Amino acid sequence: MRAPSGRDIAAGEVLLAVENVSLAFGGVKAISDVSFDIRRGEIRAIIGPNGAGKTSLLNVINGFYHPQQGRITFKGRPRSAMRPYEAALGGIARTFQNVALFKGMTALDNIMAGRALKMRRGFFWQLLWIGPALAEEIEQRRRVEEIIDFLKIQHVRKIQVGKLPYGLQKRVELGRALAMEPDLLLLDEPMAGMNLEEKEDMSRFILDVNAYYGTTIALIEHDMGVVMDLSDRVLVLDHGVKIADGVPAEVQSNQAVIDAYLGLSH
Amino acid sequence: MLGPVLETLIGGLMTGVLYSLVALGFVLIFKASGVFNFAQGAMVLFAALSFARLSEAMPLVLAFVLSVLIMIALAYAIEFLVLRRLVNQEGIILFMATLGIAYFLEGFGQSIWGSDIYKIGLGLPTNPIFILESVFPGGLLIDPAELIAAIICAVMVLVLAVFFQVTRVGRALRAVADDHQAAQSVGIPLNRIWLMVWAVSGLVALVAGMMWGAKLGVQFSLSLIALKALPVLILGGLTSIPGAIVGGLIIGAGEKLAEVLLAPVLVRTFDLAGGGIENWFAYVLALVFLLVRPQGLFGERIIERV
Amino acid sequence: MRVNNLPANGGKGLAARGTGRGEGRIAVATEAVRADTFPKLLIRNARLFAGRPAYRHKDLGIWQVWTWAQVLDEVRAFSVGLQELGLARNDKVAIIGSNRPRLYWTMCAAQALGGVPVPIYADSVAEEMAYILDHAEVTIAVVEDQEQVDKLLSIVERLPRLALIVYDEPRGLRDYDHQRLKWIDDVQKLGRDRLSDGAAGLQRWEAAVAAGKGEDLAVMLYTSGTTGRPKGVMLTFDNLIVSAINGNRFDSLGPDEEVVAYLPLAWVGDHVFSYAQPFTAGFCVNCPESPETVSEDRREIGTTYAFAPPRIYENLITLTMVRMEDAGRFKRHMFRYFLAVARRWGEKILNREKVPLHARLLYWFGERLVYGPLKNRLGVSRIRLAYTAGEAIGPEIFRFWRALGVNLKQLYGQTEASVYITAQPDGEIYADTVGRPNIGVDIKIDDNGEVLFKSPGVFAGYYKDPEKTAETKTSDGWVHTGDAGLIDAKSGHLKIIDRAKDVGRLNDGSLLAPKYIENKLKFYPNIREAVVYGDKRDFVCAMLNIDLTAVGNWAERNNIVYGSYQELAGHAQVCDMLAEHVEEVNRSLADEGMAGAQIRRFLVLHKELDADDGEITRTQKVRRGFVAQRYAPLIAALYGGAREADISTEVTFEDGRKGMLSARVKIRDVQTMPMPVMEKAA
C-alpha cells in the first residue's frame, strides 16, 4: 500500500524539532524531557499506553499548552510560547480525539472555515459580498470542492455535520484540516471508534494526503497494525517519557516498548 | 371590529421589531461566546444617552458616527478588560461579569451624560398616515415615526442575518460559537471575533436606543427593555437570529392584542380591573412556551451522537 | 465532414434550429435508419442537435456540460489517439468504472475504429476481471481511477494481450510507471495533434467510421448468470439501434428527456438506457457526482425517464420510511394519513379511472402536502416514465410508487434481447404482469411453459461458445428466456411465474410452477412460508408454516389459548382457516388455466422452517429438496392418503444447542375446482 517505497526519511529536512520539552499541570508531570523531530514529508506516529502524554505533546506543538521547559523549532525557527491561532498561521493543522467540528454548520461550511486564513479580502468587502470578495469566495470554494472530491464526501456536503455518522465526521474534520493546506498535519487518533472498513478507508486517505499533497503528518494511534502499516517512524512515550524512537520494525522489537505497551495490550 | 384589531396588530408588530433588535444583541453575543450578556439593556441606555447628549451639540450624523465609535471603544474595553481575562471560565462567572458591566454602565453613563430625561429629535414626520381607507371606515392609523423606526430596524436585522449566514466573517463567527478550540485550531482569532461581536451588538444597542429614545425619551427605564427581550429570547431560542426576529414580532403583537382583546374579557367575566396586561402577558406567553418547547421556536435541537 | 451512408444534403431542413420535440423525433426516426452505428449516430447528432446538451457530469459540485458537437470533438480526438496507439478493427476494449461521460465516450471511440467495447462491473474483484479480460481477449482497458488501475496491475502478468491501460482520473497515478499506462487527456492530445496535422488524420478516421456496418459487433456484455462462468453476450449495432429506436417509439421518447446514469455500465439496461437510447433519440445523459449523491443529482436535473432494478425503488421507500420515523408526531400522522389516501385512490387517478370528487380533493391536498415534497426529495418530481426491470418487483412497492403518482411500469427483458421483450403500455398497468411484447418483438410459450422470443434485438451469440448459443437460440431465431410464463387471459399480458428449470410436471402432464403457487399462498398474512410439491407425482401437496404474529393475533381475538408455536399450528380452527386460504388459491389457479396444479392435500408444519436448520437459505429462500428429505415421512403421508403422520426432527436452538422435536401432524384434504374439459395447448 505504501506509495513510493524505500524513501529515505532520515536524510530529509527537519520540519519540527522538539528539544527537552517538559510540561506539568500543577504537580503532575505530563511530559518529561522529551526530544524528537519530524521530518518533511514523513508520516510520524506517536504511540504509547493511555496517559503516556501523547495528546499533551500534540497540544504543545499546536500551541494549546505552553511547556515549562524545552525548545521547539518549527521550519528552522525557534518558537517561544505561541497561541493556536499563530500555530495555524504558521502551517500547523490538526484534528481532535473526539471530533471537534462546528456541529451546527454543514460539512461544506466546516471545510470552508478551514480556509479562514487563506482569505485575503478584508472585512469591508466581506460585508458587501460582491466583487473581489465574491471572486475569492468562489476560488476558495473550488479548492474546498477539490478536498470534498478527494475525501469522497460529496453526498454530505450540505448536511449538518452533527447529523453525520461518526466515521464521516472524522473525514470532514480531516477535510477541514486539509483546507488549511498545512505543512504539518497533526491527527489525534484519526481512527478511534471506527469499524474495520472505516479504518481502512481512513488509512488510505492518510496515505493519499501524504502522497498527493506531500503533507507531513504526525499521528497518534492506538491500533498497532495501522501504525506499523502507515508510519515511517514511530515515537513511543510512556508516562511522559520517551522510551523508543525509530522505524516501525525497530520499535516493534524494542524490549522497553514490548514491556510498556505491546506487552500490556497482548 | 376588524379595523381596530388590525390597527393594534400593526402597532404591535412595529413595537415588536424594536424588541427583536434588542434581542438580537443578546443572540449575537450568546452565539459567539456563550455569554448571556445581561448588560445589553445598559448598553442600550448608554448608547442612547451618548447619542442624545451629543446630538444637542452637533449635527445628527456626526453624533451618530461619534456614538458608533464610542460603542466600538466600549466593546474593545469590555473585551480587553473583562472577557480576555475570563476565557474558559464557567458561564455563570461570565454572566456575573456582565451583571457588573451592566451596573457600571448605568452609573457611569449618568456620571458623564447626566441623569435627566433627554429627548432625541430625529426629525421624523409626526403627522399620522391613514391607509386602507377604502376598506375600513376612516382607514387605519399609522404613526410614521414608528413606521420609519420599524423599517430601519427591519433592514438592520436583515443585513445582520445575511451577513452572518453567507459571509466568511459570519462563518467564522458561527464556527467560534460552535467550538472554541476547533475554531482556534483552524486559525480563527477568538479575540478578534469577540471584539467584533461586541461591537456589532453595541451598534445594535445604539440603533435600538435611538428608536426607543425617540419614542419615549432617554431615561433610566430604557435599560429595563432588556427585560422585555427575555421573553423574546425564550420564544425564539437563544441562538437563533430568525428566532429573535419572529419572537420579537410575536411578543410585540401579542401583548398589544391582549390589551385590546383579552382585557375586556377579564373585566366582563371576572370583574377584574383588567389593566396592565401589557406588563405581564409576554412573560406568561414565554412561560407557556418554556413548558412546550424549551429550545424555543428556532433553537437548535440538541443533537448528540455517541 | 462526410460519411458515405448519409445523403449529401444530410437532412438539412431538419437540422434547422429550434428542433421542436416532434420535429426532432421524426428526424431521429428517419435518419437513424441510415446511421447504422453509434459513431455515425454521433456525427448525425452533432449536426442535428449541435448545441444541445448531450452529457453532463457533476464535478467539484458543478454540472459540466458537453453538447453533442463537443462530444463528437472529444470522442474523435480520443478515437484518433487510440488509432495512433494501434487500436485495430475487432480489438476488444475493456471499460471499467462508474458512470462517467468519458467512459461512455470510450465505447463510441472504440466503435468508430471497429473496436468492441467490453464493459465490466467496476466492483468485480481482480480475479473476476482477469477471467473476462482473458476470455474476451482484451487489448486495451480504459478505467476510471487508481483503484481500477491497481486491480489491473495486480493481474497484468496473466494477461499477455493487454497492451495498454488508459485512465480517466489521474489522482495518485502520477508516480506510476507510464510505459503501458496513459491518461485519457494524453491520448486525446495525441489524437488532436494528429488531426491538426493535415487532413489525412481526419480522413483516415472518417473512413474507419464509414467502414462500420449495422451487422458488426457493437458490444460484448458479460452476464454472470446464476451458475458457471460469465458468458459474453455479443450484440450488434443493428440489435441495439433498432431495439433502442423501437423502445423510444413505444414510450414516445424524444430529445427532451433527461436521464441520470448510475447503474453499472456492464448491465445491458444501462447500456441501452444511457448509451443506445440517448444516441438514437438525442437526449441528455447526466452522470452523478458520486454513487452516494444520485438522489440529490437526480433532483437537480429533474429526471424525466428512469430505469432501475426493483432494489432501487425498494431502497428509496425504506429510506423514506426510516426518515419518517424520525420526524415529528404531526408530520408522521400527516404522512400516514395521506399515504393511506394515496394507496386507496392514487393508482386509480393515475390510471384515469372514475374517482369520487372528495377523493380527488384529498389527493390534491396530499400532493401539495406530502407526495409533492416527497417526490421532490427523491428527485422524481418531473418523472414521466420509470421502468423497473431485472427481476420481479414486490407488488407493494410497485403500488406505492404508482399511488404517489409516479408512472412506474414493468419491463421484462434480457441481455440476449438487447433489453426489450415486453413492457406495460401506459394505462395497462398490473402489478403481476410484465406487459405486452415491445414493438418488433414476438413471444411464445412452449410446452414446458418457457417463454421464447424473437426480435430485432436477438443477440448474435455468446462469445466463443457456440454450444451455449445453440442451446439458447433455436435455428429459426427463437430465444429461450429460461423463464416460465403464461399469457394472462384477462389483460393479454405476459406473466412470469418461475424459472423454467424449476417448473415441473404432474404425472398427468399438467404444468406445475411451485414458486408461483407458494407466492400465492404466502400472500395471506397467516401463511409465513409454504413449500409445494407435485413434480412427477399424481397431484399437488403443500406444507405450510403459520405466521405466529398474524395467527397469534387472531387467536387472541377469538379466545383461543395456546402454549407454543406447535400447539397453535396444530389447532383445528387454524387448520380450517388455512384450508380456506388454500381453496381460494385453488380457485385462482383454476381461473388462470392452471387447474391441474391445484393443491389437493396440505399440512401445517409443527415448527418454523429455519435457516439454522438449513431449511431455508439466509436470504429466506426455501430449499425445497432438502425440506422434502428432512420431512420424508410427512411427504409419504401426504401422498399415501393418511389422515395424520408422526415426525421427529433435530432442531437447533437459538443458543446453538441441538434437540429433538416430535409431533403428530394432521393432514387436510382440500376442495379443488373441476378441471376444464379437454383444453389442449398446441
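Since the structure is predicted, the reported quantities are computational estimates derived from the model, not experimental observations.

On to the overall build of chain C. Helix and strand content of chain C: 23 helices and 28 strands. A compact globule built from 682 residues should have a C-alpha radius of gyration of about 26 Å, and chain C, at 28 Å, falls within 12% of that. Projected onto its principal axes, the C-alpha coordinates of chain C cover approximately 90 × 60 × 55 Å. When the 682 residues of chain C are sorted by exposure, 45% land in the buried category.

Each helix and strand in chain B was counted, giving 11 helices and 2 strands. Each helix and strand of chain B, placed in order from N terminus to C terminus, yields the pattern α-α-α-α-β-β-α-α-α-α-α-α-α. Radius of gyration (C-alpha) of chain B: 20 Å, near the 19 Å computed for a compact globule of 306 residues. Taken along the three principal axes of its C-alpha coordinates, chain B extends 65 × 60 × 35 Å.

The next point concerns the sheet that holds strand S20 (residues 479-487) of chain C. Residues and elements named next belong to chain C. Taken together, the 4 strands give an open sheet; going across it, the order is S17-S18-S20-S21, and neighbouring strands pair in antiparallel fashion. Across the chains shown, the open sheet's two edge strands, defined by having one partner strand only, are strand S17 (442-445) and strand S21 (494-499). The sheet shows a mean angle of 50° between the axes of neighbouring strands, taken without regard to direction. The pairing of S17 with strand S18 (residues 450-454) spans 4 bridges and is antiparallel. Bridged to isoleucine 443 within S18 is phenylalanine 453.

Every α-helix winds through 3.6 residues per turn, so residues three or four apart in the chain are directed the same way. All names here are of chain A. For helix H6 (residues 166-179), spanning 14 residues, the distance from its first C-alpha to its last is 20 Å, which sits close to the expected 20 Å at 1.5 Å a residue. Of all 14 residues in H6, 11 are buried; the element is thus mostly enclosed. Of the positions making up H6, those classed as buried are Gln169, Lys170, Arg171, Val172, Glu173, Leu174, Gly175, Arg176, Ala177, Leu178 and Ala179. Two residues or fewer after H6 comes glutamate 181, characterised by a positive phi angle close to 45°.

This next bit is on the packing of helix H5 (residues 144-166) of chain B against helix H10 (residues 241-270) of chain B. Residues and elements named next belong to chain B. Running from N to C, H5 and H10 point in directions that differ by 160°, and their axes come no closer than 10 Å. One finds that H5 runs roughly antiparallel with respect to H10. As H5 packs across H10, the resulting crossing turns out to be left-handed. Every residue of H10 that contacts H5 at Val157, Leu160, Ala161 and Phe164 is listed here: Ile241, Pro242 and Ile245. Grouping the amino acids of the contact of H5 with H10 by side-chain chemistry returns 7 nonpolar, no polar and no charged.

Let's shift gears to the interface of chain C and chain A. Of the residues lining the interface, 9 residues belong to chain C; the matching set on chain A comes to 13 residues. When the residues that make up the side of chain C that touches chain A are grouped by side-chain class, the tally is 1 nonpolar, 4 polar and 4 charged.

Strands in a sheet are paired, the pairing made by backbone hydrogen bonds, and the direction either parallel or antiparallel. All names here are of chain C. Pairing in this open sheet of 5 strands is parallel, and the strands run S4-S3-S5-S6-S7 from one edge to the other. What marks the edges here is a single partner per strand, and that holds for strand S4 (116-120) and strand S7 (181-183). For this sheet, the mean angle separating the axes of adjacent strands, direction not counted, is 25°. Of the strand pairs in this sheet, strand S3 (residues 92-96) and strand S5 (residues 138-143) are connected by 5 bridges, and their pairing is parallel. Paired with alanine 94 across the bridge in S5 is alanine 141. Sheet contacts for helix H7 (residues 146-155): S3, S5, strand S6 (164-167) and S7; angle to S5, the most-contacted strand, approximately 155°.

Here we take up the interface of chain B and chain A. In this complex, chain B contributes 22 residues to the contact, which on the side of chain A involves 29 residues. Counting only elements with at least two residues in the side of chain B that touches chain A, the list comes to H5, helix H6 (168-178) and helix H7 (180-185) of chain B. Of the residues forming the side of chain B that touches chain A, the biggest block, 7 residues, is contributed by H6 of chain B.

With that out of the way, let us pick up the pairing of strand S1 (residues 53-59) of chain C. It is a general feature of regular strands that their side chains alternate between the two faces of the sheet. All names here are of chain C. Judged from the 6 bridges that link them, S1 and strand S2 (residues 62-67) form a sheet pairing that is antiparallel. Looking across to S2, one finds that lysine 58 is bridged to tryptophan 63. With antiparallel pairing between neighbouring strands as the criterion, S1 and S2 make up a hairpin whose turn holds 2 residues, including leucine 60 at a positive phi of roughly 50°.

What follows is about the arrangement of the chains. Most contacts, when the 2 pairs of chains in contact are compared, are made between chains A and B. Nowhere do chain B and chain C come into contact; their C-alpha atoms are at least 12 Å apart.

As a further point, take the nonpolar core. With 188 residues, the main nonpolar core has Leu42, Ile95, Ala141, Met220, Ala542 and Leu544 of chain C as its most contacted residues. If near-sequence neighbours (up to four positions away) are discounted, leucine 544 of chain C is found in contact with Leu521, Ile527, Ala530, Leu578, Phe602, Val604 and Leu605 of chain C. Listed in part, the 167 residues of the second largest apolar core include Ile153 and Met191 of chain A together with Ala32 and Met196 of chain B.

We now examine the packing of helix H1 (residues 2-33) of chain B against H5 of chain B. Residue and element names in this part refer to chain B. Interaxial distance between H1 and H5 falls to 9 Å at its minimum, and their mutual angle equals 35°. Crossing geometry of H1 relative to H5 is assigned as left-handed. Along the contact surface, H1 presents Met14, Val17, Leu18, Ser20, Leu21 and Leu24, while H5 presents Glu146, Leu147, Ala149, Ala150, Cys153, Ala154, Met156, Val157 and Leu160. Taken together, the residues of the contact of H1 with H5 break down into 13 nonpolar, 1 polar and 1 charged.

Here chain B averages 82 in pLDDT, and 94% of its residues register 70 or above. Between the elements of chain B, mean pLDDT differs from a low of 75, seen in strand S1 (residues 129-131) of chain B, to a high of 91, seen in helix H3 (residues 60-81) of chain B.

Time to look at the environment of aspartate 613 of chain C. All names here are of chain C. With respect to the helices and strands, aspartate 613 occurs in the loop between strand S26 (599-604) and helix H22 (624-630). A tally of 18 C-beta atoms within 10 Å means that aspartate 613 is categorised as partly exposed. Residue contacts for aspartate 613: discarding those within four places in its chain leaves Val651 and Thr652.

So, about the confidence of the model for chain C. Residue and element names in this part refer to chain C. Taken residue by residue, chain C gives an average pLDDT of 88. The fraction at 70 or more is 93%. pLDDT under 50 marks residues 1-33. Its contacts with residues more than four places away, or in other chains, come to 42 contacts. Note on residues 678-682: pLDDT is under 50 here. Beyond four places in sequence and across chains, it has 1 contact. Quick note on the complex model: pTM equals 0.75, ipTM equals 0.81.

Further remarks concern unusual backbone geometry. What is expected of a backbone is that most residues other than glycine have negative phi and most peptide bonds are trans. All names here are of chain C. Positive phi is not limited to glycine here, since asparagine 90 has a value of about 75°. Within the fold, asparagine 90 resides in the loop between helix H4 (68-84) and S3. Located in the positive-phi region is serine 418, a residue other than glycine, with phi close to 55°. Turning to its location among the elements, serine 418 is positioned in the loop between strand S14 (408-414) and strand S15 (419-423). Using a count of 32 C-beta atoms within 10 Å as the deciding quantity, one classes serine 418 as buried.

What counts and what doesn't
Per chain, residues are indexed from 1 in the order of the written sequence. The order in which chains are written sets their letters, starting at A; the order in which ligands are written sets their numbers, starting at 1. Predicted model: local features are reported for residues with pLDDT of at least 70 only, side-chain atom pairs are reported and counted for 80 or more only, and whole-chain, interface and lining totals are derived from all residues. The helix and strand labels rest on DSSP assignments: H or I over at least four residues marks a helix, E over at least two residues marks a strand, and numbering proceeds from the N terminus. Taken over C-alpha atoms, the radius of gyration is set against a globule rule of 2.2 Å times the number of residues to the power 0.38. The burial criterion counts other C-beta atoms lying within 10 Å of a residue's C-beta, which is placed from the backbone; the residue is buried at 20 or more, exposed at 12 or fewer, and partly exposed between these limits. We call two strands paired when DSSP finds no fewer than two bridges between them. Axis definition: a line fitted to C-alpha atoms, limited for helices to the stretch in contact. Angles are taken between N-to-C directions and run from 0 to 180 degrees. By this rule, a helix spans an expected 1.5 Å times one less than how many residues it contains. The labels follow the angle: roughly parallel below 35 degrees, roughly antiparallel above 145, roughly perpendicular from 65 to 115, and oblique for the rest. Take the far helix as the reference: if the near one is turned anticlockwise from it by less than a right angle, the crossing is left-handed, and if turned clockwise, right-handed. A pair of residues counts as a contact when their C-beta atoms, built from backbone coordinates, are within 7 Å of each other. Only Asp, Glu, Lys and Arg are considered charged in this grouping, and only Ala, Val, Leu, Ile, Met, Phe, Trp, Tyr, Cys and Pro are considered nonpolar; every other residue, Gly among them, is considered polar. Structurally, a nonpolar core is described as a collection of buried Ala, Val, Leu, Ile, Met, Phe, Trp, Tyr and Cys residues joined by way of C-beta atoms within 7 Å. For every residue, the pLDDT score states the predictor's confidence, bounded by 0 at the bottom and 100 at the top.

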